[in-house]
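# Examining the three-dimensional arrangement
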Amino acid sequence: MVVEEPSSAENVEKIDSSTAVSEPAKIFTVEILHMIKDAQQQHGLRHGDYQRYRGYCTRRIRRLRKALKYPQGDKRHFKRRDVTLSQLTGKRADERYIHIPLISAERAWAYAMQLKQEANTEPRKRFHLINKMRRACFYALQLQELCNSEAFDARTKLECEAYVAWMHGTLHFELQLWKTAGEHLKRAQVVYENLAKALPDDEQELYRAKVNEFTPNLRYCAYNISGGASGGNIDEILELRAQGVLENLDVLVSQTKTESSEGLQTIDWRGRKVTVRPEKVRLFLLSAQELDKSLAKATKVDAKIELIERILMDCKDAIQAVRDEIKQDPKLRSLTTGQTVSGVQYLLAYLSYIRHSRTLQRNLCLVEQAKLNFYDPNQQSQIVGDGKRVRSQDLARLYEIILQNVTEMQQISGMEEDSRYQEEVSNLALTFKAFRCYYIALTLIDMKKWKEAVALYERASNYASEALKGKTSAEFQLQAELKKLVSTIDGCKFSAHAYSVLEDDNSEDASSNAKAQKTTKPLYERLSQYKEDQSLHTKTPNVFKLTPDMEPIPCKPLFFDLAMNYLELPSLEDKLESPGKKGASITGFVKGFLGWGGAGNK
């Protein structure tokens, strides 16, 4: 028989499948204290309502099991299913599984605290209280067993150890086992203290507050251990039994520090360290660190401006990311006077400072670019470029924009009480005011306003002298330019003053000549005066006024017939004919002549 050998392609597939590299195991970080404190403050414990918090824990566990599809039986039958290490490792590993034993411990503890409040009137409830505290310790130990695996980092292990010690200390405190209660509480206190030292500044406050909560209980345990005497020293008792714990603790603390530096980038600005959590901010800070190297390599001013504008766009996105984080936390929205600036708000102030300082750097590059095409009459050796000529008022406008930018730097939220920062920014404002006054003075010189130019030269010199005496900023070193400006202004002041004196001497003659030269009289009115009038050679010579001037004349009087009613008119009766003297008509004449009519009948 002929046996067919497998093809080379099949061999390659088998080799690849056999040598497949397994995916790296997931490592979870659970901030236990931060998580339970937020839940307690939001669900009743702010007002001491343990029943409300217990109800929240019950609903939270039900939601977790439903979301993870990890129920305990069905609707009819109960089948207990505890969280095991298999749910936290492998491809389907989920961090939410560890929340189940944690919230279960919190639910049992909240029920115990509720019973403790009710036990003041019903002493029998103390037995129920002890049982619930034991249940809470059971779940806490289950949590510790899971957290001690390789699926969790050192910080989670430390927090879990402190949480278990605190839970056992509370149980033994209720059982009045003062010695063991003190040991457990002291262990939790030491772990939280060392954990606070390993974390950034903005996260230490929560752990220090938790450490302060243990002090009254520890003092009460020491009081009962000493039989009521005031000199009970529990530290000596606890040191021997805590030696093994402390050795392991130092290793975990050092490991937590290294992981914190890798996972959470921190910045150090003006003597304070701040944690950087948003991913956009981290990427922006990395690119901002590389910007100075890129600017040093760039030779042209245009290339520098383009690099800075690109980083300013990224800075805008980073600031928006921090503001979104502040909006999500209502505690960070408002900052009252005298209140310590939180880490997130301090990070926002730092990013705002970067934006303003980089904008200022870009504007200085624009000034440098404009000076290449600007002719300064006070500079003897100067090479002017071939580009468009820049006027002195253009440079004054650029320095005005720079001063607005410096004003915004002074008003950064959270930096109002930093006196050193305010002094540096104020000194920077004086520096740019000196340059602005200098270029405004050059503008006035072009307009032949010598006195005003001398005044502005003097003001620029005063600003420059004050800036040289003040504290300088580490990022903007302009001392050499200020000294050069002061030496230039000293010569310019005398030159402008000399021109102003010459202008005063010639002002009277010039004014009289100007009055003689400038007149609006036509030629026929000044025939006896000789004057070279150039307007006579134009198309519209001023020889004679064709349109005469308007002269006022009296108007025609108006008669109002108001006295007519009071006049006595002469009688006209003699001129009127009476009715009897009227002449006879023709018909009457005919009737009389013929003998018939009215007269013959009488």
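Residues numbered from 1 in each chain as written. Predicted model: local features only at pLDDT ≥ 70, side-chain atom pairs only at ≥ 80, totals over all residues. Heavy atoms only, no water.

### Looking at the packing of aromatic side chains
- Applying the stated criterion across every chain yields a total of 20 aromatic pairs.
- Judged by centre distance (5.8 Å) and plane angle (50 degrees), the rings of tyrosine 163 and tryptophan 166 are tilted. Residue tyrosine 163 and its partner tryptophan 166 are located together in helix H6 (residues 154-174), separated by three residues, close to a single helical turn. The exposure classification of tyrosine 163 matches that of tryptophan 166, with both residues buried.
- Members of the aromatic cluster, each reached through a chain of ring pairs, are Phe374, Tyr399, Phe432, Phe435, Tyr438, Tyr439 and Tyr457. (Phe/Tyr/Trp six-rings, centres within 6.5 Å; stacked < 30°, edge-to-face > 60°. Helix = DSSP H or I, 4+ residues; strand = E, 2+ residues; numbered from the N terminus. Buried < 20%, exposed > 50% of the residue type's maximum accessible area, 1.4 Å probe, protein only.)

### Here we look at the packing of helix H2 (residues 32-42) against helix H4 (residues 99-118)
- Their axes nearest at 12 Å, the elements H2 and H4 cross at an angle of 50 degrees. As summarised for this structure, H2 and H4 are arranged oblique, according to the angle between their axes. As H2 packs across H4, the resulting crossing turns out to be right-handed. Packed against H2, whose contacting residues are Ile32, Met35, Ile36 and Gln40, the element H4 presents His99, Leu102, Glu106 and Trp109 at the interface.
- For the contact of H2 with H4, the per-class residue count stands at five nonpolar, two polar and one charged. (Axes fitted to C-alpha atoms, helices over the stretch in contact; angles between N-to-C directions. Parallel < 35°, antiparallel > 145°, perpendicular 65-115°, else oblique. Left-handed = near helix turned anticlockwise from the far one by under 90°. Contact = heavy atoms within 4.5 Å. Nonpolar A, V, L, I, M, F, W, Y, C, P; charged D, E, K, R; others polar.)

### Some thoughts on a positive patch on the surface
- Taken together, the side chains of Arg52, Arg59, Arg62 and Arg63 define a basic patch exposed on the protein surface.
- For arginine 52, the position within the fold is in helix H3 (residues 50-67). (Patch = residues over 30% accessible without salt bridge, like charges linked within 9 Å, V, L, I, M, F, W, Y side chains within 5 Å. Areas by Shrake-Rupley, 256 points an atom, 1.4 Å probe, with all protein chains shown as cover. Salt bridge = Lys/Arg side-chain N within 4 Å of Asp/Glu carboxyl O. Lys, Arg positive; Asp, Glu negative; His and termini not counted. Charge placed at Lys NZ, Arg CZ, Asp CG, Glu CD.)

### Quick notes on helix H11 (residues 279-297)
- The end-to-end C-alpha separation of H11 is 28 Å, in line with the 27 Å expected for 19 residues at 1.5 Å each.
- The largest bend in H11 comes to about 30 degrees, at leucine 291.
- What H11 keeps buried is the set Val281, Arg282, Phe284, Leu285, Ala288, Leu291 and Leu295. (Expected span 1.5 Å × (residues − 1). Bend = angle between axes of the 7 residues up to and from the residue.)

### Some points on the nonpolar core
- Core analysis: the largest hydrophobic core is formed by 76 residues, its most contacted members being Phe284, Leu285, Leu351, Phe432 and Tyr457.
- With 15 residues, the single largest contributor to this core is helix H15 (residues 419-446).
- Non-local contacts of tyrosine 457, meaning those with residues more than four positions away in its chain, are made with Asn378, Tyr438, Ala441, Leu442, Ile445, Ile489, Cys492, Lys493 and Ala496.
- Formed by 62 residues, the second largest nonpolar core is a distinct cluster that contains Cys57, Ile100, Leu146 and Leu185. (Core = buried A, V, L, I, M, F, W, Y, C linked by side-chain atoms within 4.5 Å.)

### Some details on a nonpolar patch on the surface
- On the surface, a nonpolar cluster with roughly 560 Å² of combined accessible area is contributed by Tyr524, Leu527, Val543, Phe544 and Leu546.
- Here leucine 546 shows up in the loop between helix H18 (507-517) and helix H19 (586-594).
- Residue classification places leucine 546 among the exposed residues on the basis of a relative accessible area of 75%.

### Details of the side chain of serine 352
- Within the secondary structure, serine 352 is located in helix H13 (residues 343-371).
- Assessed through its relative accessible area of 11%, serine 352 is described here as buried.
- Contact partners of serine 352, with chain neighbours within four places excluded, come to Ile319 and Ile412.

### Some words on unusual backbone geometry
- Even without a glycine there, the phi angle at lysine 69 is positive, about 55 degrees.
- Mapped onto the secondary structure, lysine 69 falls in the loop between H3 and H4.
- The phi angle at lysine 448 is positive, at roughly 65 degrees, despite the residue not being glycine.
- Mapping lysine 448 onto the fold places it in the loop between H15 and helix H16 (450-469).
- Judged by its relative accessible area of 53%, lysine 448 is exposed.

### Side note on empty space enclosed by the protein
- The final tally for this structure, using the stated rule, is one cavity of 30 Å³ or more.
- There is about 50 Å³ of room inside the largest cavity.
- Lining of the largest cavity is provided by Asn427, Leu428, Thr431, Thr472, Ser473, Phe476, Leu478, Gln479 and Leu482.
- In terms of residue count, H15 provides more of the lining of the largest cavity than any other element does, three residues in total.
- For the lining of the largest cavity, the residue count by class is four nonpolar, five polar and no charged. (1 Å grid on protein atoms, 1.4 Å probe; cavity = no way out; pocket = protein on both sides within 12 Å on 5 of 7 lines; lining within 4 Å. Points joined across faces, edges and corners; volume = space filled by probe spheres on them.)

### Some details on the pattern of salt bridges
- Enumeration according to the criterion identifies 15 salt bridges in this entry.
- Residues glutamate 213 and lysine 37 are paired through a salt bridge, measuring 3.2 Å at the closest nitrogen-oxygen approach. Of the two residues, glutamate 213 is situated in helix H8 (residues 204-225) and lysine 37 in helix H2; the sequence distance between them amounts to 176 residues.
- Under the relative-accessibility criterion, lysine 37 is labelled buried at 17%.
- Linking lysine 116 and glutamate 174 is a salt bridge whose minimum nitrogen-to-oxygen distance equals 2.9 Å.

### Examining the confidence of the model for the chain
- In this model, the chain carries an average pLDDT of 78, and 78% of its residues clear a pLDDT of 70 or more.
- Across residues 1-21 the pLDDT falls below 50, and counting only partners more than four positions away or on other chains, this stretch makes one contact in the model. (pLDDT = per-residue confidence, 0-100.)

### A few points about the environment of valine 276
- Mapped onto the fold, valine 276 is located in strand S2 (residues 272-276).
- The spatial distance from the C-alpha of valine 276 to the C-alpha of valine 322 is 9.5 Å, given a sequence separation of 46 residues.

### Here's the deal with the packing of helix H5 (residues 125-147) against H6
- Axis separation between H5 and H6 bottoms out at 9 Å; the angle between their running directions is 160 degrees. Comparing the axis directions of H5 and H6 gives the class roughly antiparallel. In the crossing of H5 with H6, the sense of the turn from one axis to the other is left-handed. Residues Arg126, Leu129, Ile130, Met133, Arg134, Ala136, Cys137, Ala140, Leu141, Leu143, Gln144 and Cys147 of H5 touch H6, and the partners they reach there are Thr156, Lys157, Cys160, Glu161, Tyr163, Val164, Met167, His168, Thr170, Leu171 and Glu174.
- Here the residues of the contact of H5 with H6 are counted per class, giving 14 nonpolar, four polar and five charged.

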